Amino acid sequence: MSNDAATTATPRTSDAPGPEQPAHGLGTSLPPADARAKTEGTFPYASDLWAEGLLWAAILRSPHPHARIVSVDTSGAREMSGVRAVVTHEDIPGDRAYGRRIADRPVFASDLVRHHGEAIAAVAADHPDTARLAAAAITVEYEVLEPVTDPEKTFEAEPLHPDGNVIRHIPLRYGDPDAMGEVVVEGLYRIGRQDPAPIGAEAGLAVPRPDGGVELYVASTDPHTDRDLAAACFGLEPDRVKVVVTGVPGATGDREDPGFQLPLGLLALRTGCPVKLTATREESFLGHAHRHPTLLRYRHHADAEGRLVKVEAQLLLDAGAYADASSESLAAAVAFACGPYVVPHAFIEGWAVRTNNPPSGHVRGEGAMQVCAAYEAQMDKLAVKLGLDPTDIRLRNVLATGDLLPTGQTVTCPAPVAELLEAVRDFPLPPLPKDSPEDDWLLPGGPEGAGEPGAVRRGVGYALGMVHMLGAEGADEVSTATVKVHDGVATVICAAVETGSGFSTLARQIVQETLGIDEVQVASVDTDQPPAGPAAHGRHTWVSGGAVERAAKMVRTQLLQPLAHQFGMSTELLQIADGKITSYDGVLSVTVTEALDGKELWATAQCRPHPTEPLDESGQGDAFVGMAFCAVRAVVDVDIELGSVRVVEMAVAQDVGRVLNPAQLATRIEAGVTLGVGTALTENLRTARGVIRRPDLTGYALPTALDAPDIRIVKLVEERDVVAPFGAKAASAVPVVTSPAAVAAAVRAATGRPINRLPIRPQAAVAPSNT
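What comes next concerns the included structure.

Calculation rules
- Residues numbered from 1 in each chain as written.
- Predicted model: local features only at pLDDT ≥ 70, side-chain atom pairs only at ≥ 80, totals over all residues.
- Heavy atoms only, no water.
- Core = buried A, V, L, I, M, F, W, Y, C linked by side-chain atoms within 4.5 Å.
- Buried < 20%, exposed > 50% of the residue type's maximum accessible area, 1.4 Å probe, protein only.
- Salt bridge = Lys/Arg side-chain N within 4 Å of Asp/Glu carboxyl O.
- Helix = DSSP H or I, 4+ residues; strand = E, 2+ residues; numbered from the N terminus.
- Pairing = 2+ DSSP bridges.
- Axes fitted to C-alpha atoms, helices over the stretch in contact; angles between N-to-C directions.
- Contact = heavy atoms within 4.5 Å.
- Expected span 1.5 Å × (residues − 1).
- Parallel < 35°, antiparallel > 145°, perpendicular 65-115°, else oblique.
- Left-handed = near helix turned anticlockwise from the far one by under 90°.

### Thoughts on the nonpolar core
Reasoning step 1: Core analysis: the biggest nonpolar cluster contains 160 residues, and Tyr298, Leu315, Phe629 and Val743 have the highest contact counts within it.
Reasoning step 2: Among the nonpolar cores identified, the runner-up in size contains 34 residues, and Val87, Tyr98, Ala124 and Leu216 belong to it.

The structure is reproduced here in structure tokens:
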């Protein structure tokens, strides 16, 4: 992103805050409390942990995507000097399979291996090298089986799992199946496999307790669920397992897979010693879940003016070997298969199926990202066929508040989709590059590239995207928070994990604004606290932030009641601002510190949004609490001879409800856009017959700072969602969903090629006349 992007962006639809704005509270750019420690490298991550008598763990993983285990001989490992324990499936005292939604994934494979990298055994030794050598010394005899890697063939294949090959099928039926449009376009689209690729090492420490339990120190994003899974595996009551959340180095999905934690706890319980595991980059790629590769077939019907009549689609999500979050991802894909458009008739068939490919799961914008790339390509095809501008055809069909989704759910939240699209359409385009040697760095491929200025074509593309917020289909979304005030310092206790979303900063701002106390601390997270749920779908801003606000307001009432009683007025007539409590008539004016007078106040509160319901057998139901929308305009330069692409600029307009922290919000949007650019152009975890090729950061190309385009946040629409605390919406997922589709649209505009696969291959971006 360019250095001046924040200054050229319009921060909100209302006027920007002036110099008189308070230095704390909601609406200000309060910096994160841990920013300095993370910048200086002193922030404690899980890989930094240490304990007296520490042992090191290593995991043996399958080299095959599909095989029958004939025998496992651990004697060679057990006899090695320094080895303290070896565990396999036979050493699990409790449940041998786990899963956040469906318990279908074994801790250690017992009879069958279902994906490349599946765990077979784990070792604890007194040195990390010894542990790795011992794991390699375990002898496993495999009967290699033919892997099923094509999700289309899984319907006829032999069952890969006792639960069958189809995890979920959703047939959405909406409107008249016989409806037809005057213009019809079709398309087949493929979305590759993206990895969360956490920058920090996936690591953890397990420490046995004197009562026979165990403590797990891990970068969990859902500690209470992880605790319950671990307790079931270890054969212990949940209160004998404690999960302590260490520093999370960013999360774009479930940061810590339980498959790393469970062997740790088993080894600690077996040896009676602390055990640490720090995964290599290869182990991370092999072990945790990825974005669902998806095959999408679409047929759009429209009338002669470009208004949509009917959408037909078939969506096939490759779940890999186990279910994980595939059911939820499929629900999002089917529900949003038509995009933020009014569609009178829709017929969508969606499947999530098992294969012998690497496991898929929750990655930011799951389900919604894949269909966005497809339905926006279809809108571009309709525009071309009807001779319309791509923005015009979208504006004729956009959703608004009060419209219906194809699931039958009414869009009750603010949906300013037309306003967003018009904002990016009207934003000035960047200047064309200069055709001169000193500016060759502007060419696709960079200064060392082989491209020529004469082969470069510029393209402009548009995309509209939408995501749901919080859990869906009946998920019980609830969070609990406690606010304590003592000696003029407020403390927030909430098990909402800070993953980079800014919740810890938001919690401080809420308490500052509600209580007028500058010094606010957020306690570290562990499972001794009440649950707050997973860090996904922006839920902590809404649910956990709502719980903090309610607890803070209860403390505020405790603070104000004695003063109100003393002056014979209600607490509603008192206000707190700039650290002072004043009455409506100015008679009362005391500082918050004076009012506290050494008292200790505290309150605990919960926040639970209105319930949702599962989609029925026709794909109908009010499945979502709320939705957020985004418009992106991408400008790209393409070398039509080499197929290399440079993203010049991404203009973003987003529906945010309310800006709670301007700087933090801009950072989240910019990060989401950059992630989307990587999805569009470089990020593809490739496999060959189920085996991951080059599971490292040279084989999996992440966008760097040099790849990040200029990101212009041209408009943030602050139309508050009345059912959300503070009126704010989730901010980071929807630009991830929308940006890849916009980049693909821009490459189509530059090359005239269809661009029906993400990430975009160089050969797909070569202009027809040069093929």
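### With respect to the pattern of salt bridges
Reasoning step 1: Inspection of every chain in the model, using the stated rule, returns 33 salt bridges.
Reasoning step 2: Asp380 is paired through a salt bridge with Arg394; the nearest N and O atoms lie 3.0 Å apart. Taken together, the residues Asp380 in helix 9 (residues 368-386) and Arg394 in helix 10 (residues 390-395) connect sequence positions 14 residues apart. No difference in accessibility class separates Asp380 from Arg394, as the two residues are buried.
Reasoning step 3: Linking Arg539 and Glu477 is a salt bridge whose minimum nitrogen-to-oxygen distance equals 2.5 Å. You can see Arg539 sitting in helix 13 (residues 539-567) and its partner Glu477 sitting in the loop between strand 18 (456-472) and strand 19 (479-486), a full 62 residues away along the chain.
Reasoning step 4: Taking relative accessible area as the criterion, Arg539 reaches 2% and is therefore assigned buried.
Reasoning step 5: Connected through salt bridges with shared partners, the residues Glu376, Asp380, Arg394 and Arg748 form a single ionic network.

### Quick notes on the sheet that holds strand 22 (residues 574-577)
Reasoning step 1: One open sheet accounts for three strands, arranged 22-23-24; its pairing is antiparallel. Only two strands of the sheet have a single partner each, and these edge strands are strand 22 and strand 24 (589-591). Sheet twist, expressed as the average angle between the axes of neighbouring strands with direction ignored, equals 25 degrees.
Reasoning step 2: Examined bridge by bridge, strand 23 (residues 580-583) and strand 24 share three bridges and lie antiparallel to one another. In the sheet register, Lys580 faces strand 24, and the bridge partner there is Thr591.
Reasoning step 3: Sheet contacts for helix 13: strand 22, strand 23 and strand 24; angle to strand 22, the most-contacted strand, approximately 125 degrees.

### Section: helix 16 (residues 733-751)
Count 3.6 residues to each turn of an α-helix, and residues three or four apart come out pointing the same way.
Reasoning step 1: With 19 residues, helix 16 extends 29 Å between its outermost C-alpha atoms, agreeing within 8% with the 27 Å of an ideal straight helix rising 1.5 Å per residue.
Reasoning step 2: Counting buried positions over the 19 residues of helix 16 gives 18, a clear majority of the element.
Reasoning step 3: Two residues or fewer after helix 16 comes Gly752, characterised by a positive phi angle close to 75 degrees.

### With respect to the packing of helix 15 (residues 662-681) against helix 16
Reasoning step 1: Contact geometry of helix 15 with helix 16 gives a least axis separation of 7 Å together with a crossing angle of 45 degrees. The angle between helix 15 and helix 16 places the two elements in the oblique class. Crossing handedness for the pair helix 15 and helix 16: right-handed. Listed contacts from helix 16 to Ile669, Gly672, Val673, Leu675, Gly676, Val677, Thr679, Ala680 and Leu681 of helix 15 are Pro735, Val736, Ser739, Pro740 and Val743.

### Points about the environment of Ala325
Reasoning step 1: Counting through the fold element by element, Ala325 comes out in the loop between strand 16 (308-318) and helix 8 (326-335).
Reasoning step 2: Residues Ala325 and Gly187, spaced 138 residues apart in sequence, show a C-alpha to C-alpha distance of 27 Å.
Reasoning step 3: Aside from chain neighbours lying at most four places away, what touches Ala325 is Arg101, Gly361 and His362.

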